[in-house]
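Descriptive structure summary
Here is what each chain is made of, one letter per residue.
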Amino acid sequence: AGSTTTLTGTATPLIVAHRGASGYAPENTLVAADEAARLNTEWVEVDVQRTKDHKLILMHDTTLARTTNAAAVFPDRAPWNVADFTSREIARLDAGSWFGDEFVAERVPTLGQFLHRLTANGQKLLLEIKSPELYPGVERQILRVLDDAGWLEEEYPGERVVLQSFSADSVRTVHEQAPEVKTGFLGTPKVAELPAYAEFSDQIGPRYTDLTAEYVAAIQAVDGVHGEPLEVNAWTINDGPTAARIAGLGVDGIITNFPDVVREAIGG
Ligand code: G3P
Ligand code: CA
């Protein structure tokens, strides 16, 4: 699962657009998903957080400072924490100009808006629950938004959506609240600890610099919580030679800002 088999029998890793195709468009926006679609990339990784009025939005940093014009619009609200702004306030922000003038109209999407766009584009979602310790109860809210948008209707929704986090507690919470949902733990667990993570995870997502062929094989030798071998998603690989080397280690997925560059290097 999670990879395709070529005529030569070699598994080609799945390519995942990191924060959307964020090498070409502002991260965590609708246009970043569109750009991934234009590059024939089905799977899109984005980060979800929660506003002051408890709406779910896409944002990587826990502040709005880097990827919006919040500092200009709200000069007296430093450090511009996501959790200190209402969804109405965030909806006023420009989330594109920092990346390029042509993206001036881009807004911070809600999770619901983003799901709608992925549905229209026929894309799939690797959703990172970012800094869940700041947002108690966020897992149940995410599951509700996914369900309301029709993303959890399948008996096994994992063909279309995976929830992942650097927080093992958050991944475990997702699994307890919705056991059918496919999950991933971000990090590099010790081999001896893998079975414990496999009690609530289907995937392990290490930084690519942590990987060896032996470690990848050790992860895949453990069955995940849904009974399939744990999958390995490596992040974030943005050049062809590195992608080819990491694909050669046998990973299941490669997370990249430049899906076309990785595809050119590894096929798929
Ligand atoms: O999907 C994993 C990767 O996105 C984790 O790193 O900082 O880009 O969220 P970061
Ligand atoms: Ca992420």
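Residues numbered from 1 in each chain as written. Chains lettered and ligands numbered in written order. Predicted model: local features only at pLDDT ≥ 70, side-chain atom pairs only at ≥ 80, totals over all residues.

1. Considering the pairing of strand β9 (residues 231–234)
Threshold: Between the buried cut of 20 or more and the exposed cut of 12 or fewer other C-beta atoms within 10 Å of a residue's own C-beta lies the partly exposed class, and all C-beta atoms are placed from the backbone. Labels follow the DSSP assignment, with helices taken as runs of H or I lasting at least four residues and strands as runs of E lasting at least two, numbered in each case from the N terminus. The pairing criterion is simple: DSSP has to find at least two bridges between the two strands. Call a crossover right-handed when, viewed with both strands pointing away from you, the route from the first strand across the helix to the second goes clockwise.
Burial of the side chains of β9 extends over both faces: Glu 231 and Asn 233 are buried on one face and Val 232 and Ala 234 on the other. Here strand β8 (residues 203–205) runs beside β9; their pairing, made up of two bridges, is parallel. Within the sheet, the bridge partner assigned to Ile 204 lies in β9 and is Val 232. Read as a crossover between parallel neighbours, the route from β8 over helix α8 (residues 213–220) to β9 is right-handed. Examined bridge by bridge, β9 and strand β10 (residues 253–256) share two bridges and lie parallel to one another. Looking across to β10, one finds that Asn 233 is bridged to Gly 253.

2. Notes on the UniProt feature "domain: GP-PDE" (unreviewed entry) in the chain
Here is the rule we go by: UniProt positions are given in the numbering used here, feature names are shortened, and annotations may be inferred rather than shown by experiment.
Per the UniProt annotation, the sites labelled "domain: GP-PDE" (unreviewed entry) are residues 13–266. In this annotation, residues 13–266 is assigned 31% helix and 17% strand; the end-to-end C-alpha distance for the span is 8 Å.

3. Points about the packing of helix α9 (residues 240–247) against helix α10 (residues 259–266)
Defined as follows: Geometry is summarised by axes, namely lines fitted to C-alpha atoms with helices restricted to the contacting stretch, and by angles between N-to-C directions that run from 0 to 180 degrees. Roughly parallel means an angle under 35 degrees; roughly antiparallel, over 145; roughly perpendicular, 65 to 115; everything else is oblique. The handedness criterion is simple: a crossing whose near helix is rotated anticlockwise from the far helix by less than a right angle is left-handed, and one whose near helix is rotated clockwise is right-handed. In this description, any two residues whose backbone-derived C-beta atoms lie within 7 Å of each other are considered to be in contact. When residues are sorted by character, Ala, Val, Leu, Ile, Met, Phe, Trp, Tyr, Cys and Pro go into the nonpolar class, Asp, Glu, Lys and Arg into the charged class, and all the rest, Gly among them, into the polar class.
Running from amino to carboxyl end, α9 crosses α10 at an angle of 55°, the nearest separation of the two axes being 8 Å. Judged by the inter-axis angle, α9 sits oblique to α10. When you trace α9 past α10, the crossing you get is right-handed. Facing Gly 240, Ala 243, Ala 244 and Ala 247 of α9, the residues of α10 in contact are Val 261, Val 262, Glu 264, Ala 265 and Ile 266. Class assignment of the residues belonging to the contact of α9 with α10 gives a composition of seven nonpolar, one polar and one charged.

4. Describing unusual backbone geometry
Apart from glycine, the bulk of residues carry a negative phi angle, and the bulk of peptide bonds sit in the trans form. Following Ala 78, the chain continues to Pro 79 via a peptide bond in cis, the omega torsion being 5°. A cis amide bond, omega -20°, links Trp 235 with the succeeding residue Thr 236. On the secondary structure map, Thr 236 appears in the loop between β9 and α9. You will see that Trp 80, though not glycine, has its phi angle at about 65°, which is positive. Trp 80 sits in the partly exposed class, given 19 other C-beta atoms within 10 Å. Even without being glycine, Ser 131 reaches a positive phi, approximately 50°. The residue Ser 131 is located in the loop between β5 (124–129) and α5 (138–148) in this model.

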